[in-house]
Structure formats: structure tokens, C-alpha cells
Amino acid sequence: MNRTSVDDDVTDGDDLSTGLGLRPESRVERRANRRKARARRGFGCFAGLISLVVVGALVAGAVIGFGKGRDAIEQMFAAPDFEGAGTGSVVVEITQGQSAQAIADTLEKKGVVKSAKAFERVARDDTRSRQLQAGTYTLRKEMSAAAALELMLDTGKSILVTRIGFRAGLTKAEVSETLQKSPKLKLPAGAAATALGKPAALGLPSYANNNAEGFLYPGTYDVPKGATAYTIIKLMTAQYARQAAALDLVATAKRKKLDPYQAVIVASIIGAETNRPQDYAKVSRVIYNRLRVGMRLQMDSTIHYVAGKDGGVFTTQEQRDMDSPYNTYKNRGLPPTPINSPTKDTLRAALNPVQGNWLYFTLVNLDTGETAFASTSDQHLANVKKLQAWCQAHKGRC
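Procedures and definitions
- Residues numbered from 1 in each chain as written.
- Predicted model: local features only at pLDDT ≥ 70, side-chain atom pairs only at ≥ 80, totals over all residues.
- Heavy atoms only, no water.
- Helix = DSSP H or I, 4+ residues; strand = E, 2+ residues; numbered from the N terminus.
- Buried < 20%, exposed > 50% of the residue type's maximum accessible area, 1.4 Å probe, protein only.
- Contact = heavy atoms within 4.5 Å.
- Areas by Shrake-Rupley, 256 points an atom, 1.4 Å probe, with all protein chains shown as cover.
- Expected span 1.5 Å × (residues − 1).
- Arc of directions from axis to C-beta.
- Axes fitted to C-alpha atoms, helices over the stretch in contact; angles between N-to-C directions.
- Parallel < 35°, antiparallel > 145°, perpendicular 65-115°, else oblique.
- Left-handed = near helix turned anticlockwise from the far one by under 90°.
- Nonpolar A, V, L, I, M, F, W, Y, C, P; charged D, E, K, R; others polar.
- Polar contact = N/O pair within 3.5 Å; in protein donor to acceptor, adjacent residues only side chain to side chain.
- pLDDT = per-residue confidence, 0-100.
- Phe/Tyr/Trp six-rings, centres within 6.5 Å; stacked < 30°, edge-to-face > 60°.
- Salt bridge = Lys/Arg side-chain N within 4 Å of Asp/Glu carboxyl O.

Some remarks on the overall build of the protein chain
Across its full length, the protein chain carries 16 helices and 6 strands. Within the span of the protein chain, comprising 398 residues, buried residues form 37% of the whole. Taking the contacts inside the protein chain whose residues are at least 6 apart along the sequence as the reference set, 62% of them involve residues at least 24 apart. Summing over all exposed atoms, the protein chain offers an accessible surface of approximately 23200 Å²; the carbon and sulfur share of this is 53%.

Dropping the structure here:
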């Protein structure tokens, strides 16, 4: 059969299966089959709709059932938690900017709560948790997460901070006096002096020669409630250690052929001789230049240390004649110990003096702290006259 005759016999809607030897459907049969197919499709859509309704009803029933059993389910999957208000006490420090998760982790590590997740859940559900402050807290061991949060929010009971400040340049004796006189600390009589007299317990660096002078780092400290003098002093020596580590003090001193203890002594003199940071490295250079050429330091600040005169500018002839290893008018070299508590900036200057050939310096304006540096004695005498003129113009200030 040629293709043309086949094409001619096929009409619209004819089934080409006739070419396979099957009996062709009649037009009546084709219409009946189409009606059955439409009926099957309609039933399928209806059945799908019924299924959705049934599933929806089942889901709705499950939600209602879950609502009724929610407490039981939450209990089943709850994070481990202690019960009650806990016992004993534990100090916990919360730092500025800590996240709720970090706080929760800290509480778990300290044994305050049984799990970090329990505290996170309680904090998430209580909007007051946003009011948590950075600080040092006194909490209890094995508290429920809810009880821990409540106590932390009650800062009058939980934040045990007694904030106490120590300005730069205080001597060991002045630190002791500040501690002893603080109405917040209420230390037993003589507690600070006793603590300072037992340096082995203070966490001093090995090069401190068992003397806390120079290592009681200035600053503001949050002191735990009921802290002893030892606790507070160790906060200060620990802060010194952190600052010295940041400067890599020991290695830097060794590289520059300096003894680390001598660097601390120089730093303490710098802080006592000038209050202008821009002059720190220059004063440092004067000290090292004098030591190098064998000149006496002739620093009034070292005499003030033993004479008990704080913040003064001048010394008397009588003071300069006193017999003391701290009298740098009579003795060559550095004094035997630091003369106060230096700062990170003065420590840095002691390690890194600026280049220069100065051998002298003097204040020329006590209001601004302006200091003049000189390489020769004649230049220095001219600068001293500037100071004298300033003193004449400001009677009673010098």
C-alpha cells in the first residue's frame, strides 16, 4: 500500500491502530469512551477534594490535641534544669557585649545552671533579660534557670561590685591607705599592710624582687563583695601582668639590653616627673643619657618618695642632703626600687626612649605642664629662669 492511499483513508479522529490489524472503533463507541474518561477525571478531582478535607480535619484535630498536651510534650523535650534557688555561692563575671548564649555558657561552666539551653530558653521568654548588665555577680550553685535569671536581675542582691579606683602614680603605701580607708571595703585594721608584707601571695612577676612597689597597676576595679586585701591587690598585680604582656616587656627589655625591673623603675620616674604623655619618651631619653655618661640623675621625684612629699616640684637643700639610696642627687644610678605604680604609657616610654642628646629638663609652666629640654647646662639654666619667671608671676604656686 502506498503512503498516499493511507493518508487519504485517515479521517479526523480515526485511530491509526487499524494499521496493526485491530478492529476500528465505531463513532458511537468513541463517543461512549470519551464520556467515561470525563467521568473518571471528575471523580478523581472529587476524591482529591475529599482527601484534603479529611487530612485537614486530621491536622486540626492534631493541633487541638497538641494544645491540650503541650505541657507534657515540652516537659518531655525540655533542656536539663535544676530545681530551686540553689546553695552556696559562686562569682560570675559578665562582660560588656556578651550574648545571651555566651552568658548561658558561662553559667553552665560555673555550675550555676544545669544546662546553657535551659537558661537561654528562660531568657528568651522573659523580656527583662535584655536588662542584664555587665558586672561581677554573686550567684548560687545548682539554681534553676528561672531562679538564676531572677537573681541576676535583682542587681542589689547579685551584683557584688564595690568599685574602687587608684590613680596613676600612687606608691605602695598610698595604695594601702586607699584600701584601708575605703568605707565600701571595710577591711580589718592593718589588712592591706599585712597583705603587702607577704609578697609571695600577690602574684608578682619573678623580676619584682618580692616587692609590690611598681606593680600595683592603677585603674578602676570591680571588687567582689567580702573580698580580702589579698584579693584586691592580686587584681592589681594581674592587671600589671596583662599590660606588661601586651608590651612584651621582658623580651623588649632584653633586646634593648635593659633589665625589666630597671625598666619599671625608669617608668615610675617618668610618671613622677611629667604629666604630659608627649614628654614621656623625652624624659626617658634624659634618664638613659645621664646613666650612660655617669651623671647623677638628680630627680626630685626620688627624694619626694622617701620624704613623703607628693606632687611637689622642688626639693629643699636639706632634703637633697639626706642619706638615702633614693637620693639621686647624692647617689649615681637608679634608685633601688620603683617609686610609684607606672602606667602602660610610661612603661612603653621606658622601653622606647625617643632619640635625642638631652641631659636636662625642667618644667617652665606648672599650669600646662610644659617642659623644656636641654643638652647643655647653659641651656638648662636659661630654662630654669623661665620657670622662675613663671613662679614670680604666679605667687604661691611654686
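Quick notes on the side chain of Thr171
With respect to the helices and strands, Thr171 occurs in the loop between β3 (162–166) and α7 (172–181). With relative accessibility at 16%, the residue Thr171 sits in the buried group. In contact with Thr171, not counting residues within four places along its chain, are Glu213, Tyr305, Ile339 and Asn340.

Concerning helix α9 (residues 229–247)
Its 19 residues give α9 an end-to-end C-alpha distance of 28 Å, which sits within 8% of 27 Å, the value for a rise of 1.5 Å per residue. All of the buried residues along α9 are Ala229, Ile232, Ile233, Met236, Thr237, Gln239, Tyr240, Gln243, Ala244 and Leu247. The buried residues of α9 occupy an angular sector of 150° when projected down its axis, which confines them to one face. For α9, exposure combined with an orientation more than 90 degrees from the buried face picks out Arg242, Ala245 and Ala246. One or two steps after α9, the chain reaches Asp248, where phi turns positive at roughly 50°.

A word on the packing of helix α11 (residues 260–273) against helix α15 (residues 344–351)
Running from amino to carboxyl end, α11 crosses α15 at an angle of 120°, the nearest separation of the two axes being 8 Å. When the axis of α11 is compared with that of α15, the two are oblique. The interaxial crossing formed by α11 with α15 has right-handed handedness. Here Ala263, Val264, Val266, Ala267, Ile270 and Gly271 of α11 come into contact with α15, specifically with Thr346, Leu347, Ala349, Ala350 and Leu351. Taken together, the residues of the contact of α11 with α15 sort by class into 9 nonpolar, 2 polar and no charged.

Description of the environment of Lys141
Tracing the sequence through the fold places Lys141 in strand β2 (residues 135–141). Accessibility expressed as a relative area gives 36% for Lys141, which makes it partly exposed. In this structure the C-alpha to C-alpha distance between Lys141 and Val91, which are 50 residues apart in sequence, comes to 9.9 Å. In contact with Lys141, not counting residues within four places along its chain, are Gly86, Thr87, Val90, Lys110, Gly111 and Val112. At a separation of 2.8 Å, a polar atom in the side chain of Lys141 contacts the main-chain carbonyl oxygen of Lys110.

A word on the confidence of the model for the protein chain
Looking at the protein chain, the pLDDT average stands at 83 and 79% of residues meet or exceed 70. Across residues 1–24, where pLDDT falls below 50, the model places 7 contacts with residues more than four positions away in sequence or in other chains.

Overview of the side chain of Ser129
Note that Ser129 resides in the loop between α4 (116–125) and β2. Within polar-contact distance, the side chain of Ser129 engages the backbone oxygen of Ala123 at 2.8 Å. Setting aside its immediate chain neighbours within four residues, Ser129 contacts Ala123 and Leu149.

A few points about the packing of aromatic side chains
The description of two aromatic rings rests on the distance between their centres and on the angle between their planes. Here the structure, examined in full by the defined rule, presents 7 aromatic pairs. Taking the centre distance of 4.9 Å and the plane angle of 85° together, the rings of Phe215 and Tyr240 count as edge-to-face. Here Phe215 is found in the loop between α8 (191–196) and β4 (219–223), whereas its partner Tyr240 is found in helix α9, with 25 residues between them in sequence. Each member of the pair, Phe215 as well as Tyr240, carries the same accessibility label: buried.

Let's talk about the pattern of salt bridges
Pairing between side chains of opposite charge can happen when their charged atoms approach one another. Evaluated as defined, the whole model comprises 9 salt bridges. A salt bridge links Arg128 to Glu150; its shortest N-O distance comes to 2.3 Å. Taken together, the positions of Arg128 in the loop between α4 and β2 and Glu150 in helix α5 (residues 145–153) put the pair 22 residues apart, joining distant regions of the chain. Judged by its relative accessible area of 32%, Arg128 is partly exposed. By relative accessible area, which is 41% here, Glu150 ends up partly exposed. Here Asp222 makes a salt bridge to Arg163, at a shortest N to O gap of 2.5 Å. Taken together, the residues Asp222 in strand β4 and Arg163 in strand β3 connect sequence positions 59 residues apart. Through salt bridges that share partners, Asp126, Arg128 and Glu150 make up one connected network.

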